[in-house]
Amino acid sequence: MFKKFFMTFAAAAVVAALACGCSGDDPAPADVPAESEPVGEEWIDMTFAAKLQEAGLIEDIDSLTPSMVKGITKISLNEAALTSVCGIRYFENLDTLDLLRNKLTDIDVSGMKKLKYINLGYMRSLTSVNLNGCQALEDFECEYSSVNELDVTGCGSIETLAVSDNELETLDLSGMPRLKVLYCIHNYLTTLDLSNCPELEQFVGFGCEFRMLDISNNRNLTLFFCSLNPGLNGRFIVKAWFDNEAMPSDGSFTSGSWLYHDAEVVAIDYVDVINGK
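Residues numbered from 1 in each chain as written. Predicted model: local features only at pLDDT ≥ 70, side-chain atom pairs only at ≥ 80, totals over all residues. Heavy atoms only, no water.

Q: Can you walk me through the sheet that holds strand β5 (residues 128-130) in this structure?
A: By way of backbone hydrogen bonds, the strands of a sheet pair with one another, either parallel or antiparallel. With parallel pairing, three strands are arranged side by side in an open sheet as β3-β5-β7. Sheet topology places β3 (106-108) and β7 (149-151) at the edges, where each strand pairs with a single neighbour. For this sheet, the mean angle separating the axes of adjacent strands, direction not counted, is 5°. Bridge count for β5 against β7 is three bridges, and the pairing is parallel. Following the sheet pairing, N130 is matched in β7 by D151. (Pairing = 2+ DSSP bridges. Helix = DSSP H or I, 4+ residues; strand = E, 2+ residues; numbered from the N terminus. Axes fitted to C-alpha atoms, helices over the stretch in contact; angles between N-to-C directions.)

Right under this line is the structure:
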């Protein structure tokens, strides 16, 4: 009897200690035995829970357990002054997460396999986002924030990636073959590999730190805007399937020159690397 009591007490203690962590140490739902399901503040940030209650998504927050939120598929809590969404990974059937204009510093939704749409825009406090393993995610919007860490590993279904006005120094697109729209305006990006995004239709990346770009594998592009980047020695080379004389004339591609930081004139130069021109 003592052994049974001790094991039950130990399991409950572990759950209580871990379940409300808001970092990568958060246990996945499958890690918590059904007989020791956490309750209330043991697994979820109570301010977050209260906002869910106000939105009519849940009832009694004090007796709330992870199994009670399995039916929730959409969360929209804009301008809710949230500083934590601890417990979010227990919402295993969530497909829409809209947290525009909150006060988060980081968010980890890794492994949430049913998420299709996420909006984390207008959060200047937000610096870190973990989307690792969000395999159904199609649309990620996080503009006008301060993100400098973004993990998009295993997000192969993304079609729209809008991350303008952040503090990104790197952006790995190697696992995004379905990407069609990319907005990365005003970041600290110096290089960007677009070769694994053959379906890309729109690229807007002005005001970064690019020296050159290679779009030779992106023939579906109908919008390419890359001005106000530094280039190299007054020249911004774009490797393409056309050159300056044969570039599309519909205005969908950046042309001419720009003044970088109000000091140096940079001219765009399309180089045909497919036909050797």
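Q: Explain the nonpolar core here, please?
A: A general tendency of soluble globular proteins is for nonpolar side chains to be buried together. F91, L131, F140, L182 and F203 are the most contacted members of the largest nonpolar core, which totals 74 residues. Put simply, the parts of the chain that give this core at least two residues each are α2 (46-54), β13 (235-240), β14 (257-260) and β15 (264-272). When neighbours within four sequence positions are excluded, F91 is seen to be in contact with W43, I44, F48, L52, V69, I72, I75 and M112. (Core = buried A, V, L, I, M, F, W, Y, C linked by side-chain atoms within 4.5 Å. Buried < 20%, exposed > 50% of the residue type's maximum accessible area, 1.4 Å probe, protein only. Contact = heavy atoms within 4.5 Å.)

Q: Sorry, what's going on with the side chain of S84 here?
A: Relative to the elements of secondary structure, S84 occurs in the loop between β1 (74-76) and β2 (96-98). For S84, the side chain forms a polar contact with the main-chain nitrogen of C86, separated by 3.1 Å. (Polar contact = N/O pair within 3.5 Å; in protein donor to acceptor, adjacent residues only side chain to side chain.)

Q: Could you clarify how one ought to interpret the packing of aromatic side chains in this entry?
A: Working definition: an aromatic ring pair is given by the centre-to-centre distance plus the angle between the planes. Within the structure shown, the criterion is met by 14 aromatic pairs. Between F48 and F91, the ring centres sit 6.0 Å apart and the planes meet at 45°, which makes this aromatic pair tilted. Separated by 43 residues along the polypeptide, F48 in helix α2 and F91 in the loop between β1 and β2 bring together distant segments of the chain. We note that F48, like F91, is buried. (Phe/Tyr/Trp six-rings, centres within 6.5 Å; stacked < 30°, edge-to-face > 60°.)

Q: How should the pattern of salt bridges be read in this particular structure?
A: Pairs may arise between side chains of opposite charge once their charged atoms sit close together. Under the criterion given, the structure shown has four salt bridges. Note that E54 is salt-bridged to K51, the shortest N-O span being 3.9 Å. With E54 and K51 both in helix α2 and three residues apart, this pair spans about one turn of that helix. Look at K51 and you get partly exposed, because its relative accessible area is 24%. Residues K74 and D95 are paired through a salt bridge, measuring 3.1 Å at the closest nitrogen-oxygen approach. Here the residue K74 occupies a position in strand β1, and D95 occupies one in the loop between β1 and β2, the gap between them amounting to 21 residues. (Salt bridge = Lys/Arg side-chain N within 4 Å of Asp/Glu carboxyl O.)

Q: Mind showing me how you'd approach the sheet that holds β14 here?
A: The strand order across the open sheet built from four strands is β11-β13-β15-β14, with neighbouring strands paired in mixed fashion. Each of the sheet's edge strands pairs with one partner strand only, and the pair in question is β11 (212-214) and β14. Neighbour-to-neighbour, the strand axes of this sheet turn through a mean angle of 20°, independent of strand direction. Where β13 lies against β15, six bridges are found, and the strand directions are parallel. By the bridge assignment for β15, V238 is matched with Y270.

Q: Would you mind going over the pairing of β13 with me for this structure?
A: Burial along β13 is one-sided: the residues F236, V238 and A240 are buried and none of R235, I237 and K239 is. Of the pairings in the sheet, the one linking β11 to β13 comprises three bridges and is parallel in character. If you follow L213 over to β13, its bridge partner there is V238.

Q: Sorry if this is basic, but what is going on with the side chain of D165 here?
A: Counting through the fold element by element, D165 comes out in the loop between β8 (160-162) and β9 (181-183). Reaching out from D165, the side chain makes a polar contact with the side chain of H186 at a distance of 3.4 Å. Among residues more than four places away in sequence, those in contact with D165 are R124, Y144, S145, I185, H186 and N187.

Q: Is there a simple way to think about the environment of T73 in this case?
A: Within the element layout of this structure, T73 appears in the loop between α2 and β1. Each C-alpha atom of the pair T73 and F91 lies 7.8 Å from the other, and the pair is 18 residues apart in sequence. Among all residues touching T73, those that are not within four sequence positions of it are N93, L94, D95 and T96.

Q: Is there a simple way to think about the pairing of β15 in this case?
A: Note on strand geometry: in a regular strand, side chains alternate between the two faces of the sheet. Taken together, the four bridges between β14 and β15 define a ladder with antiparallel strand orientation. Residue pairing across strands places W258 opposite V266, the latter belonging to β15. Where β14 folds back onto β15 in an antiparallel hairpin, the turn is made up of three residues, including H261, whose phi is positive at roughly 50°.

Q: In this structure, what is going on with α2? I would like to understand it.
A: For an α-helix the count is 3.6 residues per turn, leaving residues at separations of three or four pointing the same way. Turning to α2, its buried residues are F48, A49 and L52. An end-on view of α2 places all buried positions within 100° of arc, on one side of the element. Contacts from the buried residues of α2 go to β1. (Arc of directions from axis to C-beta.)

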